[in-house]
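# Analysis of the macromolecular model
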Amino acid sequence: MRLLKNIQALLCIGFLATVVLGGCTDRQKTEAVSDNTPEVKATFGIGLLPAENVFLQKRRYRPLAEYLSKRLDMDVRTKLLDSYDAVYAQMLDRSVDAAFFGSLSYVALHSRLPLEPIARPLRANGGSTYRGIIFALKGKGITEDIGTWKGKRIALVEKSTTSGYLFPAWYLMTKGIRNPARYFRKVVYAGSHEAAIVEVLDGHADIGCANDAVFNRYVEKRPRMRDEFVVLASSLPFPSDTLGVRKDIDPGLELKMKETLLGMDKTEEGREVLDKFGAKRFVVTRGADYGPILDMLKAIGLRPEDIALEAIGRKGESEADDVLSR
Amino acid sequence: VKKKLFIGVGLISLIFILSAVFVLINLAVSTREQNLEKQHEQVLYRYRTMLYLVRSAQAEMYRHEAGYSRDIDSLVEHMLEFEDTLSLVKKDFSLSHSSHACIGCHSASERSSDAMLAGIDDNLKAYESAISLIVTSGDKKFTDAVEDEATTTAEKIIAAVDTLRRRTAEMNAHNEKQQIAAIAHSRSSIYGTLVLGGGLALIVGVLLLKSITRPLDLLVKGIERVSSGDYGSKVDIESADEIGFLAASFNDMTCNLARMTGQKEALVTELREVNSSLEQRVREATEQLKMAHEKMLRSETLSAVGTFASGVAHELATPLSSVLSYFQMIKGKIPADEGLAGDISLIEGELARCRNILRGMLDFARAPETERTATNVNVIISELLALVRYQKEYRQITILHELDHGIPDVMANAGQLKQVFLNIILNALQSMQEGGVLTVSSCVAGKGDAARVMVRVSDTGPGIPREEVNRIFQPFYTTKKSGTGLGLSISYGIVRAHGGALEVQSGAGKGTTFSIYLPVVINHEGREEREDYNLQNEI
């Protein structure tokens, strides 16, 4: 062993001597030194809220981060944080420069911190938005008529979700039902969109509320169930997974990032990255796209800043991630 | 040598290769265990991170629920990071299922670990669900209950993660042990290879050196033997390599060298023999030339003397005959009792002697052509020996004859031959006044056309001094008081006239041998007789 190492060492010395004596110029040496010097690039942190499988989610965002790093000549990194409270905190101390937001989380965070929406992915199925839906099993006597809902059991997701709470609450309010707890025999918080669907299927609830993307994915996996459900109500589309950046970052960088994202589908490399990301392209998101959310909050008497950031994003806000999870 | 070298180097290389393979295997094991350890450490780190994250998430949850923090981002981030880390752990775990290196350790606890991871997953979902409920619910009682549930779930998660962490730590410790063991094996292998390879290299080197130097020494010694003259020297190397080839070539070379040396020596010997023969021939030819020259001189001398003698004899013969006739007439007129009888007899004797000399001179000068017939020399010799054997003056001499009765006839004048043989025999007998041995032999000398009848007359007399041998055939040369000096000259002329040859061998105190060669009568088809034997070369 030692002999072999000695032989290897001798060979290495010989090789190095050959290289050096073989005419390695000063210029080459300088270049070699400079090659080894790590290039320090500015970092750009993008916060992510965990989806159902954080590992798949992280892998899915890697190509995008690498693409942006190359295009922006920056070290773009994604950072998984357990809540928007964490995102908010890290945006405050500038550890994070941007984040992919759900619709409600954007509204909540925007009320606390100046943000600028840039773009959101147009998903492979063609949507860049999601809707909240209220559904039930067919044959249960439950129709779009709100009156048939009375005394039934309803399964919500969580109070911090747009589809699983805000939209049903707003919808019921618009239908004159201000106190759901009294109107329904039982109000269940399933914890996730899929769990709410399962509650209905298992008969633990009569009516369910969920994100249409999760719902569609669920029934797509189970084609026989497609006809067993009836959608009772559907919300306006809400922008899904918008990349919002801090307003205090360099406007030029913000613009460049926006252009890069919007132009990804124009290049082969961009299309490959989009394919891995699970999107067709990025589309522009404007502040006005969050109008319906704000309207619904206002209607039910909530202010954006009242939304608890810790609760947002857990099993509800990153609908797009759920949909796009593979 | 190359083969041996290859084998030696190959063996050493094989050892090193095997060792290298072994080390590589161990290094691979070590590296694998190191990687596993690294992975385990990473997983351990992730488990520790998960424990820290879930405990931190719990702490964040407590802080949040206690109200100390609104920030749930850290909590979520912790759990998301936990999720991410868990996914990585699951991924690592699923990868380890397909990794062979992990199966061994994971197989035992695989099911329980799978179950535990599944349990963590379930508990995580429950925990996250609980956390989501806690951070998104406003119901305190509900969140308290869920918090307890989340705490219990978190503890289950912590316990499961901690168990997995401990298991991983145990596996890590096991990996570390394996790694240390592999390194130890590698080290041992390297040491072993160094010792074994080095030893083998030494052995191979020594053997190789020996295998090269030993045959080379043998070769060097062989070369030294060859250089010292042992051309047939061989080296006893039978290897199949280059040295063996060299030795075989060397042996071939020495074999050839020995053969060539033998041939050379044979040639030298032959050359020497030829040289010696040539010298002998030269000497003989010189001698023959000298003899021929002497013979020619002698022949010319004889011819001149003959001519001169013939003239003198012819001129003196008539007056001498007149003188002798007148003297005999005067002698008849002188009374016998006058004191002149002695003087008259002396004059008459001297005149007869002169007349005989003149006759001899005439005979010498003109040997008369007589009729020749097939004559057996043995018959002539036998008659002559019978004539002289019982004479008084020759009793003290032993006369021997060795006659070949199978000799052919010669074409000759028997009377002349008898004259020749008698002259020579009498000369021999007269030379042995104190006694001795006379040996007369006949035989055939030569073969075929060169065959001749040879008659040899030897005595054991005082011999003829060397300086006088060449003069004995000259006319009027004599050592006797009463000799005319014409006997041998006339004999020589007769033999020559017969196509034969007369030779003498003598020396002071060695006795004398006369050899007479006569051509034989050769009967060819049609009984053709050959007589014209050419003796020119002999003379």
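Analysis parameters
- Residues numbered from 1 in each chain as written.
- Chains lettered and ligands numbered in written order.
- Predicted model: local features only at pLDDT ≥ 70, side-chain atom pairs only at ≥ 80, totals over all residues.
- Heavy atoms only, no water.
- Helix = DSSP H or I, 4+ residues; strand = E, 2+ residues; numbered from the N terminus.
- Buried < 20%, exposed > 50% of the residue type's maximum accessible area, 1.4 Å probe, protein only.
- Contact = heavy atoms within 4.5 Å.
- Areas by Shrake-Rupley, 256 points an atom, 1.4 Å probe, with all protein chains shown as cover.
- pLDDT = per-residue confidence, 0-100.
- Axes fitted to C-alpha atoms, helices over the stretch in contact; angles between N-to-C directions.
- Parallel < 35°, antiparallel > 145°, perpendicular 65-115°, else oblique.
- Left-handed = near helix turned anticlockwise from the far one by under 90°.
- Nonpolar A, V, L, I, M, F, W, Y, C, P; charged D, E, K, R; others polar.
- Pairing = 2+ DSSP bridges.

### Regarding the overall build of chain B
- If you tally the helices and strands in chain B, you get ten helices and seven strands.
- Classification of the 539 residues of chain B by burial places 38% in the buried group.
- In chain B, 73% of the contacts between residues at least 6 apart in sequence involve partners at least 24 apart.
- Put simply, chain B shows about 30900 Å² of open surface, and 58% of that area lies on carbon and sulfur atoms.

### Comments concerning the environment of E315 of chain B
Residues and elements named next belong to chain B.
- Here E315 is to be found in helix α5 (residues 242–333).
- Under the relative-accessibility criterion, E315 is labelled exposed at 57%.
- A sequence separation of 43 residues divides E315 from L358, and the C-alpha atoms of the two residues are 9.8 Å apart.

### Structural notes on the confidence of the model for chain A
All names here are of chain A.
- Confidence along chain A averages 82 in pLDDT terms, with 83% of residues attaining 70 or more.
- At the low end of the mean pLDDT range in chain A sits helix α13 (residues 319–324), at 36; at the high end sits strand β6 (residues 132–137), at 95.
- Counting interchain partners and residues more than four positions distant, the pLDDT-below-50 stretch residues 1–34 has 16 contacts.

### Focus: the packing of helix α3 (residues 54–72) of chain A against helix α11 (residues 268–277) of chain A
All names here are of chain A.
- Closest axis-to-axis distance for the α3/α11 pair is 7 Å, and the angle between their directions is 155 degrees. Taken as axis vectors, α3 and α11 run roughly antiparallel relative to one another. Crossing of α3 against α11: the hand is left-handed. Where α3 abuts α11, its residues R60, Y61, P63, L64, Y67, K70 and R71 lie against E269, G270, V273, K276 and F277.
- Residues that form the contact of α3 with α11 fall into these classes: six nonpolar, one polar and five charged.

### Some details on the pairing of strand β9 (residues 207–211) of chain A
Residues and elements named next belong to chain A.
- Within β9, five of the five residues are buried, which leaves the element mostly enclosed by the surrounding structure.
- Summarising the sheet, β6 and β9 pair through five bridges and their orientation is antiparallel. What sits directly across from F135, in β9, is G208.
- Note: strand β7 (residues 153–156) against β9, two bridges, orientation parallel. When the bridges of β9 are listed, I154 appears paired with I207.

### Here's the deal with the sheet that holds strand β2 (residues 397–403) of chain B
Residue and element names in this part refer to chain B.
- Taking strand neighbours across the sheet as the criterion, the five strands line up as β2-β4-β5-β7-β6 in an open arrangement whose pairing is mixed. Each having just a single partner strand, β2 and β6 (501–506) make up the two edges of the open sheet. Between one strand axis and the next, the sheet turns by 15 degrees as a mean value, whatever way the strands run.
- Sheet topology note: the β6/strand β7 (residues 512–519) ladder contains six bridges and is antiparallel. Looking at the pairing, Q505 lines up with T513 of β7.
- This element, helix α7 (residues 377–389), spans β2, β4 (436–445), β5 (452–459) and β7 of the sheet and lies at about 165 degrees to β2.
- Lying on the sheet, helix α8 (residues 414–431) is in contact with β2, β4, β5, β6 and β7; it crosses β5 at an angle near 25 degrees.

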